[in-house]
Every structure is written in structure tokens, then in C-alpha cells.
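An overview of the molecular structure
So the chains spell out like this:
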Number of protein chains: 2
Amino acid sequence: MSKVHLAKGMRDHLPQSMIHRQRVIATIQQVFARYGFEPLETPAMERIETLMGKYGEEGDKLVFKVLKRGEGEQRGEVDQALRYDLTVPLARVVAMNPQLVLPFKRYQIAPVWRADKPQKGRFREFYQCDVDTIGAPCGLADAECLAVAHDALSALGFTDFTIRLNDRRLLRALAIEIDAADRETDMLVAVDKLDKIGRDGVTAELSRRGFADAQIARLWELLDGAPIPGAEAAEATLAQVTELAVAMGVDPARLRIDRTLARGLDYYTGPVYEIVLEDGGVGTVTAGGRYDGLIGMFSGREIPAVGISLGLERLVVVMEERGMFADQATTTDVWVTVFSDDQLPASLAAVRAFRDAGVNAEVSLEPKKLGKQFKAADKRGVRWTVVIGPDEAAAGQVQLKDLRSGEGESLSLAAAVARVAGAQTDG
Amino acid sequence: MSKVHLAKGMRDHLPQSMIHRQRVIATIQQVFARYGFEPLETPAMERIETLMGKYGEEGDKLVFKVLKRGEGEQRGEVDQALRYDLTVPLARVVAMNPQLVLPFKRYQIAPVWRADKPQKGRFREFYQCDVDTIGAPCGLADAECLAVAHDALSALGFTDFTIRLNDRRLLRALAIEIDAADRETDMLVAVDKLDKIGRDGVTAELSRRGFADAQIARLWELLDGAPIPGAEAAEATLAQVTELAVAMGVDPARLRIDRTLARGLDYYTGPVYEIVLEDGGVGTVTAGGRYDGLIGMFSGREIPAVGISLGLERLVVVMEERGMFADQATTTDVWVTVFSDDQLPASLAAVRAFRDAGVNAEVSLEPKKLGKQFKAADKRGVRWTVVIGPDEAAAGQVQLKDLRSGEGESLSLAAAVARVAGAQTDG
């Protein structure tokens, strides 16, 4: 026997956690489909050249690389890598499938892998829940990203989120205005840290990066709301997207245009957005934007694109902390006990009747004393138990007990099945 | 622009294919839960030492290995690997979580990766749909594996499958009886090929592997049904498991005890089974067995275990070939057109009303001529379209058209929503 461990930064999701994750995924998926997004699945592995150079220098380092098979293995050569997000693989799919009718709206809910330094609450495997619209111009498609994320969060039960909205073209105009057109990325990287390091921190960082005091002072003026020459198109877009999002059902009180919102990824070209929970302590739970250049990197033809991504893990953590999940310990509704070897056929017939009626039902697999079977059912958190002893069998009855109320009664198997199936439907 | 490709042996699942895959997964998952199995998810990557030495020499070669990050990357060192199946990770989970209440019944539906030579219909990423029961002795738990697989295939609409059943202990007794106790694996490997190479082929293979003619002749006698000394316990188990499976609802006509069934994997210790489709041309769609030794390899304490696995891809291929899927081109029910910029708010209000009623609805994202919008809706395979022109708007009506029947009519938005939502419920 060797000591067993998980791989670094990985974790298992045991049933109790899976019940929560499945609930969140099902809800998000339903809202995605409601907006006309359709499912797509790309493989976990991509060619290494598909991924490299898309995520910036830091991102490239975090890509998990897979060893070649055969002779290359001995030489330590790599040819594939695990996907780092769901957006670059989507761009590859669009480039490889010219038959797709545009606009192409797809969702994908799937794990991605990043070799980040593991730390509390941060893992190397996590799920992204993405919708993207490929081939639609700026406007409705962008508003729809906000609306679908708004509805997904609302459907999960969140009521305290803010959608922050900006436009990369506005930030470019801003860089030009402070005479730093060639250092736009430096500026973005510094401003992007505002939430974490505050105004003084950003000012210090800009100084360190060689911005003059006058440039920094002017930058703050503009970030605080002074008119930005050359940002008219971006501002018109933001006003239009906001208006359309409200028409689609987004609560206007949740929308906030925020010039300081930068978003890290290189490939954004127009509106960018993120959604933060107030008092969440987890920061951003959703982010996205328009990336009109990425698909052209693969296909040669420029195709506009916009998308938004919800992070499963952060949502689940907050929902668990806030008690937003119904108290459900198990997906199993009924535990059918086995009174004795003689009564086993009756118990098997009973469990089968529950299952045939669509009820999740378990039968004791290792017939022990009845008390132990009840204890096992209770430990699992099952609501109902069934006993069929010789007396019940002779009378054509079963004993059904509701562990939630503590009430039990003898009734026919058909009536017991109807009772439990009915309680399910009532919620 | 560089030419874009998928990684070798990988593929994308476009929406049309995903609709089928999601349907199959949802059905299987529902049946798994109905039997009281609960969801578990293990990470895609495991430590390399967790996987190595579990799948035989050939299997080890097919494991995808992941490069170390940091300095190890330069040296081509590996420390992790992609999971090869869902059973070994489960054994690790059980060993690492002594708090789990036994029997522990879990399902996992997830991709696994094997660096097999890609060929028609065989990919390097594929889904396994597994149920396993950990900590229950041989008997009910084994029968339940057969019953849950039987019900899953039936729920998918299959009516022509056969469950083949054998016991590894019977094969061991058989090896002893032909005086080849030390060459049991050689014997199993040859017999396992019976379906592919026939009796003569197996005989030739056994000769090549050094079995004497008398041994081979005796082997065929035993495989054909002659009594096997020392196989009494295995035969009693097979009779018992068969009887219990029938009591759980398995059609007895589907069950066939078959002494030639070997199953490749090293770790089986008791009953083994596989399910084949008649006329499927795809061979085995489901396989499993009892593996009482595997968990002990990780935890030091022997814990009995049994499981069964359905292969998603083969099932989907056969179901597509047989036309077993409802003809559904898209998950979207309604396409709301945009008559003109002036009418956009009315169309957005309409699409919102459909979505709020739980109908999957799409609005044209790039308002073009109405004819083009209809064409797009038709291409997608959407059933219903909605038009709101100035006349309809003035009259408080919408035009709803059923592209399936070709019928259209003007009615209030609320009535249109009710009509479509009602049609959904009716199927």
C-alpha cells in the first residue's frame, strides 16, 4: 500500500457537494437554452499551438502540457495541452466549421485547467459556464450577454449583484488623451488592480511603470468622469447596450457604467463587463466582453464575437455560505429495508414499484438488523423508509415512515408509492 | 493565420450531436439516481503513481502524461496523468475518505482519455457512465448493477440486448482443471477473443501460447458446459445473482450465463458481465464486474466493490443509426423576428415574455429583411416564428406561425405564449 493523494490543486466533489453543483449547472444551463444558446462541447485537449500566444505571457505559463506518446515521450516532447478557457477552443471550432450558420450562439459548461499556484479556494481545475455569440455586430448580442447572465444569477437566487460595464475603445481613447497610446497595456494592468490596491496603489504602480505625475493626474480626472475626446463611439455603444439590456429584462438599478473596468484578457476589443456580488467577498463571479479579432487569428476572416462566462465554483461557495441551497442531503427519497431473507422478494418488489413510479429508491444491500438499516437510512438523510415484515406481507401492506415528521403508517404498496411520489411533486 | 486542427483523436460535438448526447446522459443519470446511486466527480488529472500499474502493461502505455510545471518542465518530467477510467479514481476516493458510510453507491458520467491509435469510430476522449457500489458483499449489489444497466438501456429505447454473465472464479477453476493454473491470464486473453476470431482462432492462439492439444480439447469441453470441479461457489453466485436481478425487474430472456466471457481488465475477482446489442455491429455497450482487491491497493483494508459502465459514444452511434432520437434540430422553440428598428422594443418585450414562461426563445440579433430572418429560423429548425409589424403592434397582437404545420394566426402576445408553452407540454 502506498499513501494516496490527489494531484496538486485538484479535488474531489463528494455527493453532498455534487448535489449543489448539479443544481447550479442545471439552472444556468436552462437559462442559457432559454435565450436560444445551444450546447457545444470541445475536447479537453487542444494542439499546443492552438493555445499558445492567446493568453498573454503569464497565461501561457499556466497551460498544462501533455507529453507526446511513443518516441516523443522519451524525449519529453509535448504536442497537446489542456484547455485554459472555453473561448479559444470556440474560435477554433468556428474557424474549422465554415458551414455553421451565423450568428452562432452556443453555450458550454465544462472544466478548464490552469497551473496557478494552489491557494485557499483556488484550484487548478474549475468550471466555466460560457455563452458566446459569433457573427453578430455590437449591440443586441452584447445586451443579450448581460441579460442572460442577469437572469442566470437571478434564477440562482442572487439579488445583490452589480453589472459593471465599460468599453475597451474608451480606454484606448483615454490612453491617447494622456499621451500614452503606446503604453495602453501598462495603463490597463495598473487600473485593473483598483479593486485590490485602491487609488493610491494604482497611482504608485503607474509611477513605477514610468507614467508622469501630470499623466496620472489627468488619468484620474478622466476616470472620474471628465469628457474623453475620441470616446464618443464607445460611449454611444455603452448607452445603447444598456438600453437594450433593460429592454430585455435587466434591472436598470444593477447596471453601472464604470470607466475603471479594464478586464485582463488581451483579446477584448469593445464592451467589457463583469458582475460582482456585494458583500460576497469573492469579487467577480461573471465576466466577458466583445472580442472581434480572436476568430480571425484562426480563420483569416474577421468574425465579430461576444461572450460572457460565469464561474461555477465561486457561485457555489457563496450560495453555500449564504444557505441558498435547499437542505437536501441525498438524491434518494426512499429506503426499503429488508426484514429477513424470507421477506427479501417482497422488499425487492417494493423497491421496484417505487423506481417504476419515478421515485429514487434504495434497498438495503447487506441485510442486517432492522435498527442498523434505519440508522443507515437516517445517516444518508433519506426522508422515507419502508418495512415489510411477515405481518405486513400477510396483510398485503407495507409500513411507510416519514423520517422528517416521524409519522408512520401501514398502507398498501400502491398507496405508499402514490404518497411518496405525490410528496415529491409538491416539493 | 495558421491552419487549424483538432488534436489527434479528438473531436468537437456540435449542437446537433450535443442534443443527442445530452438526452442519453440525462436518461442514464436519471436511472442511476433512481437506484439510489449518488453523484461523484473526480478531477481529470491524477498523480501518475495513482494510475500506473492498474491497467496492465498495454493500458499503462495509453495513459496521457502531463508535464511538470516550473523547472521540471524543462527537464521533460511528468508528475500527473489524465484519468484512464473512472474506477481507479473511485478506489482512490474511497481510500482517502474513511468517513464515507458503506455501502457507498456512486455514479459518475465523465470523459476519460486513452492514447489508443485513432481509427474510425474510436476516439482518444470518450465518456464512461459508471455506477459502483463499494462495501457490499457479492449478491444484491451485483444484481443491482445488472438491473440498473438493464433499466438504463430500456429507458433509452433498446429492446434487443443480451446480458452475458460469468465469474472469474469459474475461469480460475477451469484453468486449474486443464492444469494451467500458472497461465490463467494467457488462457483468459485467448478466450476473450472468441467473438472476434472464432473457435479456430482461439485454438490457434492457445497453441501459439504453448497450450497442449489435450489441454485445449479439455478446455472446449468445459467451456461447452461440462461440469467444472471447484467451480461450485462461482456457479452458486451466478445462479443467485441471476435470480436477484430478475426479482429486481430484469427480463430473464435477456440474461445468459456464458463461460467464455472473460473481460480484459486485470482487477476483476468475481462475477463479470457485459451487455451486447444484437445486430448492433458495435459489440459491447456495457461491461462491469466485481473487483474486491482494487481498493485494498490504495487503502490497505480490503473493501469489496462492484460496478458497471455504459459507453456513451457507442450508444449514441447506434441510436442515431436506428433513428431512435426524436427529430429535434435545435433546443430553441421560438424565433422572434424584428420587423424594423421602430418595432425592436415590441420584439424584445415578446421574446422576454416567452422566456419568462419557460420557452426557449431567440430574437434576430442582426435585423435584416424579414425574409432572411425567416430563412435563418427555418435553417435552425425552430418550430415557431413571431412577427410584430406596425399593424400587429397597433392592434396589440402578434403573428405566430407554426413552421411544422405551416399555419399562422394573429393573437395576443399572452395567447401566443400560452399556445407555444402548451405545445411544449404536450410534447
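What counts as what
Residues numbered from 1 in each chain as written. Chains lettered and ligands numbered in written order. Predicted model: local features only at pLDDT ≥ 70, side-chain atom pairs only at ≥ 80, totals over all residues. Heavy atoms only, no water. Helix = DSSP H or I, 4+ residues; strand = E, 2+ residues; numbered from the N terminus. Buried < 20%, exposed > 50% of the residue type's maximum accessible area, 1.4 Å probe, protein only. Contact = heavy atoms within 4.5 Å. Areas by Shrake-Rupley, 256 points an atom, 1.4 Å probe, with all protein chains shown as cover. Lys, Arg positive; Asp, Glu negative; His and termini not counted. Charge placed at Lys NZ, Arg CZ, Asp CG, Glu CD. Core = buried A, V, L, I, M, F, W, Y, C linked by side-chain atoms within 4.5 Å. Least-squares fit on C-alpha atoms with pLDDT ≥ 70 in both. Axes fitted to C-alpha atoms, helices over the stretch in contact; angles between N-to-C directions. Parallel < 35°, antiparallel > 145°, perpendicular 65-115°, else oblique. Left-handed = near helix turned anticlockwise from the far one by under 90°. Nonpolar A, V, L, I, M, F, W, Y, C, P; charged D, E, K, R; others polar. Pairing = 2+ DSSP bridges. Buried area = accessible area lost by both parts, 1.4 Å probe. Salt bridge = Lys/Arg side-chain N within 4 Å of Asp/Glu carboxyl O. Polar contact = N/O pair within 3.5 Å; in protein donor to acceptor, adjacent residues only side chain to side chain. Patch = residues over 30% accessible without salt bridge, like charges linked within 9 Å, V, L, I, M, F, W, Y side chains within 5 Å. Disulfide = S-S within 2.5 Å. Domains from an automatic or database assignment. Phe/Tyr/Trp six-rings, centres within 6.5 Å; stacked < 30°, edge-to-face > 60°. Lys NZ or Arg CZ within 6 Å of the ring centre and 35° of its normal.

Looking now at the overall build of chain A. Helices and strands together make up the secondary structure of chain A, namely 17 helices and 16 strands. Along the first, second and third principal axes, the C-alpha set of chain A runs to 90 × 60 × 45 Å. Evaluated residue by residue, chain A yields a buried proportion of 56% over its 427 residues. When contacts within chain A are restricted to residue pairs at least 6 apart in sequence, those whose partners lie at least 24 apart make up 67%. Accessible surface for chain A amounts to roughly 17400 Å². Of this, 50% is attributable to carbon and sulfur atoms. Side chains of chain A give 53 positive and 62 negative charges; the mean places of these two sets differ by 5 Å.

All names here are of chain B. Secondary-structure assignment places Leu261 in the loop between strand E8 (255-257) and strand E9 (271-277). C-alpha of Leu261 to C-alpha of Leu194: the two residues are 67 residues apart in sequence and 8.8 Å apart in space. When sequence neighbours within four positions are dropped, the list of residues in contact with Leu261 reads Arg164, Leu165, Asn166, Leu171, Val272, Tyr273 and Glu274.

As a further point, take the nonpolar core. Ranked by internal contacts, the top residues of the largest apolar core, which has 96 residues, are Val334 and Phe354 of chain A together with Ile28, Phe32, Phe158, Met187 and Leu310 of chain B. Among the elements that line this core, the one with the most residues is helix H6 (residues 140-156) of chain B, at 11 residues. Each residue touching Met187 of chain B, except ones within four places of it in the same chain, is listed here: Leu171, Leu174, Ala175, Ile178, Leu206, Phe211 and Leu219 of chain B. Ranked by size, the runner-up nonpolar core spans 95 residues in total, among them Ala180, Ala245, Leu255 and Val306 of chain A.

On to the relation of the copies chain A and chain B. The two copies are related by a screw motion: chain A maps onto chain B through a turn of 180 degrees and a shift of 0.0 Å along the axis, at an RMSD of 0.0 Å. The transformation just described matches what one would write down for a two-fold rotation axis. Here 99% of the interface residues in chain A have copies in chain B that are interface residues too; the copies meet face to matching face.

For the rest of this paragraph, the subject is the packing of helix H6 (residues 140-156) of chain A against helix H11 (residues 232-247) of chain A. Residues and elements named next belong to chain A. Contact geometry of H6 with H11 gives a least axis separation of 8 Å together with a crossing angle of 55 degrees. The angle between H6 and H11 falls in the class oblique. Our pair here, H6 against H11, has a crossing hand that is right-handed. Taking contact as the criterion, the partners of Leu140, Asp142, Ala143 and Leu146 in H6 are, on H11, Val241, Leu244 and Ala245. When grouped by side-chain class, the residues that make up the contact of H6 with H11 number 6 nonpolar, no polar and 1 charged.

Let us look at the pairing of E9 of chain B. Residue and element names in this part refer to chain B. Of all the 7 residues making up E9, 7 are buried; the element is thus mostly covered by neighbouring parts of the structure. Burial along E9 is two-sided: the residues Pro271, Tyr273, Ile275 and Leu277 and Val272, Glu274 and Val276 are all buried. Of the pairings in the sheet, the one linking strand E7 (residues 161-167) to E9 comprises 7 bridges and is antiparallel in character. Each bridged residue has a counterpart across the sheet, and for Asn166 the counterpart in E9 is Val272.

Every contact between the two is made by 97 residues of chain A and, on the other side, 96 residues of chain B. Together, the buried faces of chain A and chain B total about 8100 Å²; carbon and sulfur atoms form 60% of this surface. Among the residues of chain A in contact with chain B, Arg34, Glu41 and Leu365 of chain A are the three that bury the most area, contributing 10% of the side total. Note that Lys105 of chain A and Glu362 of chain B form a salt bridge whose closest N and O atoms lie 2.6 Å from each other. Summed over the shared surface of chain A and chain B, the result is 33 residue pairs in polar contact (both at pLDDT 80 or more).

All names here are of chain A. Where like charges cluster on the molecular surface, the positive patch consists of Lys368, Lys369, Lys372, Lys375 and Lys379. Relative to the assigned elements, Lys379 resides in helix H15 (residues 370-380). Given the relative accessible area of 61%, Lys379 is considered exposed.

Our next topic: helix H13 (residues 312-321) of chain B. Residue and element names in this part refer to chain B. If you check which residues of H13 are buried, you get Leu312, Glu313, Leu315, Val316, Val318 and Met319. Where H13 is buried, its residues contact helix H1 (15-34), strand E6 (125-134), H6, E9, strand E10 (284-290) and strand E11 (305-311). Looking one or two residues past H13, Gly323 carries a phi angle of roughly 65 degrees, positive in sign.

Below, the discussion takes up the sheet that holds strand E13 (residues 361-363) of chain B. All names here are of chain B. Spatially, the 5 strands line up as an open sheet ordered E13-E12-E14-E15-E16, and their pairing is mixed. The sheet is open, and its two borders are formed by E13 and strand E16 (407-411), each paired with just one other strand. Neighbouring strand axes in the sheet, compared pairwise and without regard to direction, differ in orientation by 20 degrees on average. Across 4 bridges, strand E14 (residues 384-387) lies against strand E15 (residues 398-402) in antiparallel orientation. Residue Val387 lies in a different strand from E15, and its bridge partner there is Gln399. Running at roughly 165 degrees to E13, helix H14 (residues 344-356) makes contact with strand E12 (334-336), E13 and E14 of the sheet.

What links the strands of a sheet is backbone hydrogen bonding, and the strands pair in either a parallel or an antiparallel sense. All names here are of chain B. Across the sheet, which stays open at both edges, the 8 strands sit in the order E1-E5-E6-E11-E10-E9-E7-E8 with mixed pairing between neighbours. Either end of the sheet is taken by a strand with one partner, and the two such strands are strand E1 (38-39) and E8. Of the strand pairs in this sheet, E10 and E11 are connected by 5 bridges, and their pairing is antiparallel. The partner of Gly289 across the bridge, within E11, is Gly307. Running over the sheet, helix H7 (residues 168-177) touches E7 and E9 and is turned about 55 degrees from E7.

This next bit is on the state of the cysteines. Applying the stated criterion to the full structure yields 0 disulfides over all chains. Of all cysteine sulfurs in the structure, the one in Cys138 of chain A sits closest to Cys145 of chain A, which takes part in no disulfide; the separation is 10 Å. Its relative accessible area of 0% is what places Cys145 of chain A among the buried residues. In this structure Cys129 of chain B is a free cysteine whose sulfur lies 14 Å from that of Cys145 of chain B, the closest cysteine sulfur available. You can call Cys129 of chain B buried: its relative accessible area is 0%.

Domain boundaries assigned for chain A yield domain 1 (15-321) and domain 2 (334-426). Distance between the C-alpha centres of domain 1 of chain A and domain 2 of chain A: 50 Å.

Its location among the elements puts Phe298 of chain A in helix H12 (residues 294-299). For the pair Phe298 of chain A and Val94 of chain A, spaced 204 residues apart in the sequence, the C-alpha separation amounts to 8.7 Å.

Right, let's get into the packing of aromatic side chains. Residues and elements named next belong to chain A. Across all of its chains, the model carries 8 aromatic pairs over all chains by this definition. Taken together, a centroid distance of 4.2 Å and an interplanar angle of 35 degrees make the contact between Tyr55 and Tyr84 tilted. Separated by 29 residues along the polypeptide, Tyr55 in the loop between helix H2 (48-51) and helix H3 (56-61) and Tyr84 in the loop between strand E4 (78-82) and helix H5 (87-96) bring together distant segments of the chain. For the pair Tyr55 and Tyr84, a shared accessibility class is recorded, and that class is buried. With a centroid separation of 5.5 Å and an interplanar angle of 55 degrees, the aromatic rings of Tyr267 and Tyr291 are classed as tilted. A residue pair is termed long-range when its members are at least 10 positions apart, and Tyr267 in the loop between strand E8 (255-257) and strand E9 (271-277) and Tyr291 in the loop between strand E10 (284-290) and H12 qualify at 24 residues. Classification of Tyr267 by relative accessible area gives buried; the value is 10%. A residue is classified by how much of its surface remains accessible, and Tyr291, at 2% relative accessible area, is buried. Lys105 extends its terminal NZ or CZ atom over the ring of Phe37, reaching a point 4.6 Å from the ring centre. One residue, Arg254, lies across the ring of Phe161, its end atom 4.4 Å from the ring centre.

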